[in-house]
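Commentary on secondary and tertiary structure
Now for the letters of each chain:
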Amino acid sequence: SHKSDTTRNIGRFNNHIKASLGSMKMDRITVAHVQKLKDTLSKKISQRTKKLLARKSVDDILNLINTIYLYFNRVSDIELKSPANPKKVERYNPDNARQRYLTHEEIKVLYWNIKNRSSFNPKAHFKQSVTDDLMMFTKLALTTGARISSILSIQVKDIDFKNGVIQISNHKVGGRTYNGYFNDKLSTELKTWCEPLSKDHYIIGKRTQALDRMTINRRLQVILNRCFNDGVDDVKYKVVIHTLRHTCFSLLAQKGVSLYIIQKLADHSRIENTQRYAKLSEYS
């Protein structure tokens, strides 16, 4: 329950696994069952996009089955071979590495569209508090380069205004924290933002319970699509929320900041993961 992708995994299980395998005993599920599920998923239409499930989504569902078996083996006296082992059921492993970041001018466009999001649908009711959350989320993402789940878990007590430091939780690597940094301008905004809050309030949402990532994703992705994704078919070049992270570090690479410093700011374990930003900085 403490994992950042718990809600998504519950959805994956209920929507794609439960009907075919959910009622079967674990020791009765075979590689053939999982392969059949893979074939079915590969032809399945997503209710959200009205298109075939993305190959990465199919891989994620198969990986979830494998994870369930690995977890079972860790907590049980019985050990079962996973029928979803990647060596038994081949994954698609699509190359979806993002090849996009925002320029300074595009960032200005994004800020304007967030601030004026109600003007694109005057009949809808847009809460100013939600607009403010989206703006603060975007500024924190572009300033710290933190992932969506990390930003949503920032509490007032994690911010050191004196030194301009935010303690950020790396949910991709459970239990690890690292430092993110912010400038004087954002510091002033954050101080005003945090004034009515207690130390246990979360920055985004201003509540004592963290917002679900889909709450931000659903609202901000609409704006990103309107600004940057019209006519873009290749997923590598679509602007998504994770693009904000790429933007932060790509712009630092453009300024000549050492990749080793960027590695620390991104909390990457391997420098190879950071080298992509030097390549992305050449995108135009």
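Look above for the structure.
Here's a quick rundown of the structure. (Residues numbered from 1 in each chain as written. Predicted model: local features only at pLDDT ≥ 70, side-chain atom pairs only at ≥ 80, totals over all residues. Heavy atoms only, no water.)

Along the backbone of the chain there are 11 helices and 3 strands. Order of helices (α) and strands (β) in the chain, N terminus to C terminus: α-α-α-α-α-α-β-β-β-α-α-α-α-α. For 284 residues, the compact-globule estimate of 2.2 N^0.38 gives 19 Å, and the chain sits close to it at 21 Å. Along the first, second and third principal axes, the C-alpha atoms of the chain reach 60 × 45 × 40 Å. Expressed as a percentage of the 284 residues in the chain, the buried residues total 40%. In the chain, the share of contacts with a sequence separation of at least 24, taken over all contacts with a separation of at least 6, comes to 61%. (Helix = DSSP H or I, 4+ residues; strand = E, 2+ residues; numbered from the N terminus. Rg over C-alpha atoms; globule rule 2.2 N^0.38 Å. Buried < 20%, exposed > 50% of the residue type's maximum accessible area, 1.4 Å probe, protein only. Contact = heavy atoms within 4.5 Å.)

Let us now look at the layout of surface pockets. Taken as a whole, the second largest pocket encloses approximately 470 Å³ of empty space. Together, 15 residues line the second largest pocket, and Tyr 111, Lys 139, Leu 142, Thr 143 and Asn 183 are the ones closest to its centre. Of all the secondary-structure elements, those providing two or more residues to the lining of the second largest pocket are helix 4 (104-115), helix 5 (128-144), helix 7 (184-194) and helix 9 (242-254). When grouped by side-chain class, the residues that make up the lining of the second largest pocket number 8 nonpolar, 3 polar and 4 charged. (1 Å grid on protein atoms, 1.4 Å probe; cavity = no way out; pocket = protein on both sides within 12 Å on 5 of 7 lines; lining within 4 Å. Points joined across faces, edges and corners; volume = space filled by probe spheres on them. Nonpolar A, V, L, I, M, F, W, Y, C, P; charged D, E, K, R; others polar.)

With that settled, consider the packing of helix 5 against helix 9. At a minimum axis distance of 7 Å, the contact between helix 5 and helix 9 shows a crossing angle of 40°. Taken as axis vectors, helix 5 and helix 9 run oblique relative to one another. Mapping the contact onto sequence places Phe 137, Thr 138, Ala 141, Leu 142, Thr 143 and Thr 144 in helix 5 and Leu 244, Thr 247, Cys 248 and Phe 249 in helix 9. Partitioning the contact of helix 5 with helix 9 into residue classes produces 6 nonpolar, 4 polar and no charged. (Axes fitted to C-alpha atoms, helices over the stretch in contact; angles between N-to-C directions. Parallel < 35°, antiparallel > 145°, perpendicular 65-115°, else oblique.)

Following the criterion strictly, the structure yields 3 aromatic pairs and no others. Ring centres of Trp 112 and Phe 120 lie 6.2 Å apart, and the angle between their planes is 85°; this geometry places the pair in the edge-to-face category. For Trp 112, a relative accessible area of 49% translates into the label partly exposed. A residue is classified by how much of its surface remains accessible, and Phe 120, at 40% relative accessible area, is partly exposed. Measuring from ring centre to ring centre gives 5.4 Å for Phe 249 and Tyr 277, while their planes differ by 55°; the resulting arrangement is tilted. (Phe/Tyr/Trp six-rings, centres within 6.5 Å; stacked < 30°, edge-to-face > 60°.)

Strand pairing in a sheet relies on backbone hydrogen bonds. The paired strands run either parallel or antiparallel. Here 3 strands make up an open sheet; going across it, the order is 1-2-3 and the pairing antiparallel. At either end of the open sheet lies a strand with only one pairing partner, and these are strand 1 (159-160) and strand 3 (176-181). (Pairing = 2+ DSSP bridges.)

Within this structure, the stated rule accounts for 1 cavity of 30 Å³ or more. What the largest cavity holds in volume is close to 30 Å³. Every residue along the wall of the largest cavity is listed here: Phe 137, Ala 141, Ala 146, Arg 147, Ile 148, Ile 241, His 242 and Arg 245. Among the elements of the structure, helix 5 and helix 9 are those that each provide at least two residues to the lining of the largest cavity.

What follows is about the packing of helix 4 against helix 8 (residues 213-228). For the pair helix 4 and helix 8, the least separation of the axes is 10 Å and the interaxial angle reads 130°. Of the possible angle classes, the one that applies to helix 4 and helix 8 is oblique. Helix 8 is crossed by helix 4, and the crossing has right-handed handedness. Residue-level inspection shows Glu 106, Val 109, Leu 110, Asn 113 and Ile 114 of helix 4 in contact with helix 8, the latter providing Leu 220, Ile 223, Leu 224, Arg 226, Cys 227 and Phe 228. A per-class count over the contact of helix 4 with helix 8 returns 8 nonpolar, 1 polar and 2 charged. (Left-handed = near helix turned anticlockwise from the far one by under 90°.)

A few words now on helix 4. With 12 residues, helix 4 extends 17 Å from end C-alpha to end C-alpha; this agrees with the ideal 16 Å at 1.5 Å per step. On its buried side, helix 4 packs onto helix 5, helix 8 and helix 9. (Expected span 1.5 Å × (residues − 1).)

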